[in-house]
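The lines below spell out each chain.
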Amino acid sequence: MPINMDHHWLPFTNNRLFHKEPQMFARAEGVRYWTPEGREILDGSSGLFTCAAGHGRKEIAEAVYKQLQVLDYSPHFQRAAPISFELAEALSGILPEGLDRIFFGSSGSEAVDSAIKICLAYHKAKGEPQRTRFVSRAWAYHGVNLGGTSLAGMVNNRRDFSGVTCDVVHMRHTWNEDQRFTRGQPQDGAWIAEDLEEICKTYGGETIAAVFVEPIAGSIGTIVPPVGYLQKLREIADKYGILLVFDEVITGFGRTGSAFAAQEFGVTPDVMTMAKAITNGAIPMSAVAVKTEIQKAVIDSITADRPELMHGYTYSAHPVACAAALATLGIYKTEGLFERAASLSSTFLDGVFSLRNLPHVHDLRGHGMMSGIQLTPGETPGAKGSLVQRKLFDEGLHVKATGDALIFAPALTTSEEDLSMMIDVLQKVLGKAEL
Ligand code: PLP
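It should be emphasised that the depicted structure is a prediction, and the values quoted were computed from it without experimental measurement.

## Quick notes on the domain arrangement of the protein chain
Now for step 1: The assigned domain composition of the protein chain is domain 1 (15-53 + 336-430) and domain 2 (61-334).
Now for step 2: Counting residues at the interface gives 36 residues for domain 1, matched by 38 residues for domain 2.
Now for step 3: A per-residue breakdown of the area domain 1 buries against domain 2 is headed by Phe338, His367 and Met370, which together make up 26% of the total.
Now for step 4: Remark: the boundary between domain 1 and domain 2 carries one salt bridge.
Now for step 5: We note a salt bridge from aspartate 350 to arginine 183, for which the minimum N-O separation is 2.8 Å.

## Focus on the nonpolar core
Now for step 1: Within the largest apolar cluster, 99 residues are counted, with the highest numbers of intra-cluster contacts made by Leu91, Phe253, Met274, Ile373, Phe408 and Leu426.
Now for step 2: Among all residues touching isoleucine 373, those that are not within four sequence positions of it are Leu355, Val361, Asp363, Leu364, Asp404, Ala405, Leu406, Phe408, Leu426 and Leu430.
Now for step 3: Of all hydrophobic cores here, the second largest spans 24 residues; its members include Ala111, Val112, Val290 and Ile294.

## Re the side chain of serine 106
Now for step 1: When you line up the elements, serine 106 lands in the loop between β4 (99-105) and α5 (108-125).
Now for step 2: Setting aside residues up to four positions removed in sequence, serine 106 forms contacts with Pro284, Met285, Ser286 and Tyr315.

## Description of the pattern of salt bridges
Now for step 1: Taken as a whole, this structure holds 22 salt bridges when the rule is applied.
Now for step 2: Note that glutamate 197 and lysine 239 form a salt bridge whose closest N and O atoms lie 2.7 Å from each other. Separated by 42 residues along the polypeptide, glutamate 197 in helix α8 (residues 194-203) and lysine 239 in helix α9 (residues 229-240) bring together distant segments of the chain.
Now for step 3: If you follow the salt bridges from partner to partner, you end up with Arg234, Asp238, Asp270 and Lys291 in one network.

Conventions we followed
- Residues numbered from 1 in each chain as written.
- Predicted model: local features only at pLDDT ≥ 70, side-chain atom pairs only at ≥ 80, totals over all residues.
- Heavy atoms only, no water.
- Domains from an automatic or database assignment.
- Contact = heavy atoms within 4.5 Å.
- Buried area = accessible area lost by both parts, 1.4 Å probe.
- Salt bridge = Lys/Arg side-chain N within 4 Å of Asp/Glu carboxyl O.
- Core = buried A, V, L, I, M, F, W, Y, C linked by side-chain atoms within 4.5 Å.
- Buried < 20%, exposed > 50% of the residue type's maximum accessible area, 1.4 Å probe, protein only.
- Helix = DSSP H or I, 4+ residues; strand = E, 2+ residues; numbered from the N terminus.

This is how it looks when you write it as structure tokens:
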């Protein structure tokens, strides 16, 4: 029976074009999708950087089914379910030391907005309610709720929504033409972090609540931080009493070769957001981890019998999502997937950098199991990215495109054979002079 596509308004999609040329997935297993017609598509972006352990994991399906039968839902306002404490403890075991108080939501965007409110609550609790301004970075993506839209450095995501966004000042991004084809961290560029110092001098450091960065800027096409850049941000944030927030919605759970990018790059933020691979993408879930003293300050500041943080979601710490997350963490541990990402990275990056001389490749970047393929610009920004994404789909490879950048980041479970099949498709499509 033909599918009636009239009623679903697809997000971040040209719906008119989609109706003409639908691209759908009906089934998934391992690192493969199948279209409704049964055509096989290799998954080069782990879904949407969600399915780090590959698709169709039985352990997660079974944990979800079991949890649905035992406790399908429980509210978390003045009530709780034991499984959420179990998950928070398990997460604190893999997070950087000191980040061990965890607040749950259902999406990366919710995590970002929750983090914003937690930062504001913290400064208020510490007697600095004037710290209401945020700093973020050009080209950043922090989700699409109102806080994340305000932080957005991808201007297209902010442009149509003025009037509802909060006070954010943007630093520069760290990429420049001289870094083209750098594998791993660029050596030069730590000095770009001094933008934060300049902003503190201009606006008054005492007015700034937090600086948000993606340790590796993901959605824009994998921009790896220069050596020393994150360390420098940490120093300046400390100097001015500003909280450092790492948005690890993409970089979390082994993507960089360590559990989190914070550990990979040796810089501990005060607050960290995570989502996506927390449940291997199977059930919506996100979390905000904060340092012990942040939660303590907020809790201790309230003496009346009322919640300390007037914030939370119906689905915060949903027991089924908690079960999915626990099963996912179990897979990561038993299969040593974070270590696997670290050891597979060099083969992965060899494959990515083999695309260097192809006619449509302007730049290649990558770290761990995450890479960006920047296409040579076409006449209309983004048009080539969409076209290439479409051609790759036609040739049997799913890769996410943002503008004219492809974000190639397959599952941490990908075999070398599948990896080389994915690279072959990229070579085939990007190697044709005429797209
Ligand atoms: N933060 C970052 C760094 C992201 O990459 C994303 C999504 O890609 C988000 C936040 C938003 O997550 P969600 O789409 O789950 O709301």
